[in-house]
Amino acid sequence: MKKIIITIDGYSSCGKSTLAKQLAAKLNYLYIDSGAMYRAITLYFIQHRIDWADPYQVKTALDSIHLEFVYNQLTGQSDMYLNEENVEPMIREMLVAEKVSEVAAIREVRTFAVAQQQKMGDARGIVMDGRDIGTVVFPHAELKIFMTADPAIRVQRRFKELYAKNPNITLHEVKENLELRDYIDSNREVSPLRRADDAIILDNSQLTMDEQLDLVSQWVEDAIMAHSS
């Protein structure tokens, strides 16, 4: 059966990564977490005190960054490695979450990440989620999905996820962070978050994960049939 490229774009805390991982596992496709790449770059900038308003510092830092996904046999998922170090837990912390949208809005950073993402897609048979995957990274992908959900539900989902790691986090902090990320992602000059014209909208506010996976699996079958003829 022909392998295709599936892109999943949308707002923070809509469950893009969860769906992408489930879909990749079901199809035996490679899952690429584009957000993890931007988070790893952000972590490097923070650790090395890079002033990301300074183009020279940004370029020099990017020249020193090597990113790769390494399969973790214990979790059955791929971990983000930054310069051969597993940084998966660190890139999920609030410190990185608060800055990642700023860093991801930098033209040089996006050019760097997109080039790597496109190279990963050469073999097809991939599922990639992010903000500009269907519009910029893979504009000719066979199946494009744009995920959204009610803002209040997104805040609750994100709070539950972060509270498990940091019981001191407040609902207000999470709400403010999501609103800021939405604004930056949608209004940045380079590759802003928007739905591709041919993307299917998936509002999962009232869907269970199983219902969502069943629905999207049918979309995948339809896309494969359409592009196999």
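About the criteria used
- Residues numbered from 1 in each chain as written.
- Predicted model: local features only at pLDDT ≥ 70, side-chain atom pairs only at ≥ 80, totals over all residues.
- Heavy atoms only, no water.
- Helix = DSSP H or I, 4+ residues; strand = E, 2+ residues; numbered from the N terminus.
- Expected span 1.5 Å × (residues − 1).
- Buried < 20%, exposed > 50% of the residue type's maximum accessible area, 1.4 Å probe, protein only.
- Arc of directions from axis to C-beta.
- Contact = heavy atoms within 4.5 Å.
- Core = buried A, V, L, I, M, F, W, Y, C linked by side-chain atoms within 4.5 Å.
- Pairing = 2+ DSSP bridges.
- Axes fitted to C-alpha atoms, helices over the stretch in contact; angles between N-to-C directions.

Re unusual backbone geometry
Now for step 1: A positive phi angle, near 60°, is found at Ser13, a position not held by glycine.
Now for step 2: Here Ser13 lies in the loop between β1 (5-10) and α1 (16-27).
Now for step 3: Not every positive phi belongs to a glycine, and Glu84 is a case in point at roughly 70°.
Now for step 4: Structurally, the position occupied by Glu84 is in the loop between β4 (77-82) and β5 (85-86).

Points about α1
Now for step 1: Compared with an ideal rise of 1.5 Å per residue, which puts 12 residues at 16 Å, α1 spans 16 Å between its outermost C-alpha atoms and is within 8% of the ideal.
Now for step 2: Listing the buried residues of α1 in full gives Lys16, Leu19, Ala20, Leu23 and Ala24. Down the axis, α1 shows its buried residues gathered within 130° of arc, on one side only. For α1, the exposed residues set more than 90 degrees away from the buried face come down to Ala25 and Lys26.
Now for step 3: Of the surrounding secondary structure, the elements contacted by the buried residues of α1 are β1, β2 (30-33), β6 (126-130), β7 (143-148), β8 (200-203) and α10 (209-226).
Now for step 4: The first or second residue beyond α1 is Asn28, which carries a positive phi of 60°.

Comments concerning the nonpolar core
Now for step 1: If you look at the biggest cluster of nonpolar residues, it comprises 35 residues, and the most contacted ones within it are Ile41, Phe45, Ile65, Leu67 and Val109.
Now for step 2: Listed by contribution, the elements that provide at least two residues to this core are α2 (34-47), α3 (55-63), β4, α5 (100-104), α6 (107-120), β6 and α7 (133-137).
Now for step 3: The dominant element in this core, judged by the number of residues it contributes, is α2, at 8 residues.
Now for step 4: Discounting chain neighbours no more than four positions away, the residues touching Phe45 are Ile50, Trp52, Val58, Ala61, Leu62, Ile65, Val103 and Val109.
Now for step 5: By size, the runner-up hydrophobic cluster in this structure holds 22 residues, among which are Ile8, Ile145, Trp219 and Ile224.

Some words on the sheet that holds β6
Now for step 1: Taken together, 5 strands build an open sheet; the order of strands is β2-β6-β1-β7-β8 and the sheet is parallel. The open sheet terminates on both sides in strands that have one partner only, identified here as β2 and β8. Between one strand axis and the next, the sheet turns through 20° on average, direction left out of account.
Now for step 2: In the sheet, β7 pairs with β8 via 4 bridges, with the strands oriented parallel. Bridge pairing in β8 links Phe146 to Ile201.
Now for step 3: On top of the sheet, α2 reaches β2 and β6; it is set at about 40° to β2, its chief contact.

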